[in-house]
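Chain and residue survey
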Amino acid sequence: QVQLVESGGGLVQAGGSLRLACVASGITFRRSAMAWFRQAPGKEREFVATSRYGGTSYYADSVKGRFTISRDNAKNTVFLQMNSLRPEDTAVYYCAAREGSVTSTERHYDYWGQGTQVTVSS
């Protein structure tokens, strides 16, 4: 059974930082593309970042230069370091996984975590 468990969300002031973590089990982590998506109130879920084993990473334009996705393959964990946070980054952040190449398309991901709330105050 595949499980993705996120942690690290919370309340932070604009300009601050947070680090999200997602621990995966039940998948072959080294063969998996791992991604972060987010969903703000009243909006559709959107792509944030994705990373494949070996270091290939892609980012949404809205977070490029501020967010960094990284992996600890020994611990089956993917991180999202979020710096220079803005109120518009407020959302529930979801971890997602798929076996294969990286993609920013939500429907291509097979497994999802339960989400962690990030709130950025102005």
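Reading the values: rules and limits
- Residues numbered from 1 in each chain as written.
- Predicted model: local features only at pLDDT ≥ 70, side-chain atom pairs only at ≥ 80, totals over all residues.
- Heavy atoms only, no water.
- Buried < 20%, exposed > 50% of the residue type's maximum accessible area, 1.4 Å probe, protein only.
- Helix = DSSP H or I, 4+ residues; strand = E, 2+ residues; numbered from the N terminus.
- Pairing = 2+ DSSP bridges.
- Contact = heavy atoms within 4.5 Å.
- Polar contact = N/O pair within 3.5 Å; in protein donor to acceptor, adjacent residues only side chain to side chain.
- Phe/Tyr/Trp six-rings, centres within 6.5 Å; stacked < 30°, edge-to-face > 60°.
- Lys NZ or Arg CZ within 6 Å of the ring centre and 35° of its normal.

1. Overview of the pairing of strand 11 (residues 116–121)
Here strand 11 shows a clear split, with Thr116, Val118 and Val120 buried on one side and none of Gln117, Thr119 and Ser121 buried on the other. Inspection of the sheet shows strand 9 (residues 91–99) paired to strand 11 by three bridges, in the antiparallel sense. Looking across to strand 11, one finds that Ala91 is bridged to Val118.

2. A closer look at the environment of Tyr93
Tracing the backbone shows Tyr93 in strand 9. Between the alpha carbons of Tyr93 and Val48 there is a distance of 8.9 Å; along the sequence they are 45 residues apart. Beyond its immediate stretch of four places on either side in the chain, Tyr93 contacts Glu6, Leu20, Trp36, Phe37, Arg38, Val48, Phe67, Leu80, Met82, Gly115, Thr116 and Val118. Among the polar contacts made by the side chain of Tyr93, one reaches the main-chain carbonyl oxygen of Asp89 at a distance of 2.6 Å.

3. Structural notes on the environment of Val5
Residue position: Val5 is located in strand 1 (residues 3–7). Each C-alpha atom, one on Val5 and one on Ser121, is 25 Å from the other, the two residues being 116 residues apart in sequence. The contacts of Val5, once residues within four sequence positions are left out, are Ala21, Cys22, Val23 and Gln114.

4. Brief notes about the packing of aromatic side chains
Per the counting criterion, the structure on display carries four aromatic pairs. Ring geometry for Phe37 versus Tyr109: centroids 5.5 Å apart, planes at 75°, classification edge-to-face. In this pair, Phe37 sits in strand 4 (residues 32–39) while Tyr109 sits in the loop between strand 9 and strand 10 (111–112), placing the two residues 72 residues apart along the sequence. A single burial state applies to Phe37 and to Tyr109, both of which are buried. Ring geometry for Tyr109 against Trp112: centres 6.4 Å apart, planes inclined by 70°, an arrangement best described as edge-to-face. Classification of Tyr109 by relative accessible area gives buried; the value is 5%. On the basis of relative accessibility, which here comes to 25%, the residue Trp112 falls in the partly exposed class. Put simply, the rings of Phe37, Phe47, Tyr109 and Trp112 pair up and form one aromatic cluster. Between the NZ or CZ atom of Arg19 and the centre of the ring of Phe79, over which it lies, the distance is 3.9 Å.

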